[in-house]
Amino acid sequence: MNMAVVQAGMLSLLQDSGRRGQHRLGLTTGGPLDGEAFHYCNALLQNPAGSTAIEVSVGGLQLSAQVDTYICLTGAAMPLAINGEEKALWEVHPVRAGDTLQIGFARSGCRAYLGVADGFQITPSFGSTATVVREHIGGLCGDRLQIGDQLPCPAVTTRKRLYLPVQEQPRYQNTLTVRVIPGYQQRHFNRIEQRRFFGGRFRVSERCDRMGYRLEGPVVGCDMAGILSEGICFGAIQVPPDGQPIVLLNDRQTIGGYPKIGAALSLDAARLSQLTTGASVYFAPITVRTAHRALDLAQRFWRQRPLRERQP
Amino acid sequence: MTVKLHTVGEDALMLYLGASADEQTLARVQAAAAAIEHALGSELIDLVPSYASVPILYDPLRSERLQISRRVRAAVDALQVQHAATARSVVLPVYYAAESGADLESLATRAGLSSDELIALHTAPAYRVYAIGFAPGFAYLGEVDERIAAPRLATPRAAVPRGSVAIADRQTAVYPAESPGGWNLIGRCPIPMFDPAAQPCMPVAVGDSVRFEAIDRERYLALGGELS
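As the structure is a computational prediction, the values presented were derived from the model and not from experiment.

A. Expanded view of the packing of helix α1 (residues 23–40) of chain B against helix α2 (residues 65–77) of chain B. All names here are of chain B. Across the interface, α1 lies against α2 with an axial gap of 9 Å and an inter-helix angle of 135°. Judged by the angle between their axes, α1 and α2 are oblique. Once α1 is placed against α2, the crossing between them reads as right-handed. The segment α1 lies against α2, with A35, I36, A39 and L40 engaging I68, R71, V72 and A75.

Here's what the structure looks like:
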């Protein structure tokens, strides 16, 4: 009972909600870059939260179903076709053994999540199936999907055809304001440098990946070049001596020695990961209380958002 | 010594226990990490003890920040440092040679030493594991003798062989897997530094004491070492 990989695409990775409690071995978190799109993928499929799905970056994945099941694609606007027939995203579709699933290249955003009913059945390593290629951990054998990979998934014959109405679906744009909780070595960035950071416009550079997004813009100065190496939390914004900030994401190194001006709100870091080279980014400071309120609201919104059922 | 606790993100507090890399601070870091683990129990998502700090990760949807902060402070205030009580002593064999450590000779020349003298200086001290990070199983060991300290390479290598023993500034480490790296390579260790299948998967933990022991080529190969 498998899905076979016919074309692997630019970067396709098996991900669950991420690896926790293993930082002391030097293992990073991994997990889906866009937690919201990943959440809806499983919610629509009526899977337990955090079931293993494929994170498709940019696009180009093609699978061949060898089992009757249901699938759902959420996130970036990548054209989805089953046996050549275009299908809607954010909606559960039945597939039969022998069907071909084709995912084209993103028209907006750059990460999409392909899930199956009950999730892909992958043996966890260190408590998670999240693939971190740099660490050779998770997924099938610590690597991105390759042509010929067999992805185990169970046969499922009944499932509600849920969908998220178009007006409820997130839109991925080319400009983003990232809310930042100041912290860490913030006091080493003086008032003028802070103004440069929070008032400036940055551009997503070519160096943007699952480890972090490197931005280009006004040079942000810091009165220290390096610090004694210390743990790095999710979303931390490092400023190396060249003054160009790096927002650290799921596959970040667990410790590092560059000063940090603050940490991005996770909801905005997820949106950042949907941007590609050239997109514009602004930063806005918020308090930690405001951040927690935003997280609470987002959770409540995710729970209450109505998932409709398609009647055949 | 002042203890500082900062909010550094939506799901993290950062505890600073000092400002320098020294054994006393490290002992406090370790004791604090254990005390915080005990105090927070299942509300603790993860922590990353290193050098002089401990970031404390929690779930902001489940736990209240000020509560976590109060409990961390109470745990740290009650701290009694039993110096290196849990530290183990680990000996790691190293094959020091030009064929296993590409920078051995240039580093010796730079220091005005022979290769043998450099090896003697590297094997003499008991190093402390100050941090684990960068890559799975990568242990930062300190401190090497001032005479053999050396800055990172101006251009990092695209691929440092697995098991490489290296020096950067006054730190030394064994590369657990082949990876890019800018440290100066002086030899190779045949013992796996990270084996996901083993229990435990690492031979060292933060706070442990590590000594290097010089072995010859034959012994290196017999212990499973590779030359490529």
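B. Looking closely at the domain arrangement of chain A. Residues and elements named next belong to chain A. Each domain of chain A was delimited in the assignment, giving domain 1 (2–164) and domain 2 (175–301). Summarising the inter-unit geometry, the C-alpha centres of domain 1 and domain 2 are found 28 Å apart. Across the boundary between the two partners, domain 1 contributes 24 residues, which contact 16 residues of domain 2. Carbon and sulfur atoms supply 41% of the area that domain 1 and domain 2 bury against each other, a total of about 1,500 Å² over both sides. Area buried by domain 1 at its contact with domain 2 is led by L33, R111 and R134, which between them contribute 36% of it.

C. Representation of the pairing of strand β20 (residues 260–264) of chain A in the model. Residues and elements named next belong to chain A. Most of β20 is tucked away, with five of its five residues classed as buried. Relative to β20, strand β17 (residues 236–238) is paired through three bridges, and the arrangement is antiparallel. Looking at β20, one finds that I237 is bridged to G262.

Calculation notes
- Per chain, the residues get numbers from 1 upward, laid out in the order the sequence is written.
- Whichever chain is written first is A, and whichever ligand is written first is 1; the rest continue in order.
- Only residues with pLDDT of at least 70 are given local features in this predicted model, and only at 80 or more are side-chain atom pairs given and counted; all residues enter the totals for whole chains, interfaces and linings.
- Processing note: side-chain calculations cover all non-hydrogen atoms of the structure and skip hydrogens and water entirely.
- Each axis is a line fitted through C-alpha atoms, taken for helices only over the stretch in contact, and angles between the N-to-C directions span 0 to 180 degrees.
- Strands here are runs of E lasting at least two residues and helices are runs of H or I lasting at least four, both read from the DSSP assignment and numbered beginning at the N terminus.
- Note on terminology: angles under 35 degrees are roughly parallel, angles over 145 are roughly antiparallel, angles of 65 to 115 are roughly perpendicular, and the others are oblique.
- Take the far helix as the reference: if the near one is turned anticlockwise from it by less than a right angle, the crossing is left-handed, and if turned clockwise, right-handed.
- Any pair of residues with heavy atoms lying within 4.5 Å of one another is described as a contacting pair.
- Note that the domain bounds were set by an automatic or database domain assignment.
- The term buried area means the drop in 1.4 Å probe accessible area that two parts suffer when joined, counted for both and summed.
- Relative accessibility thresholds used throughout: buried, under 20% of the residue-type maximum; exposed, over 50%; partly exposed, between the two (1.4 Å probe, protein chains only).
- Any two strands with at least two DSSP-identified bridges between them are counted as paired.

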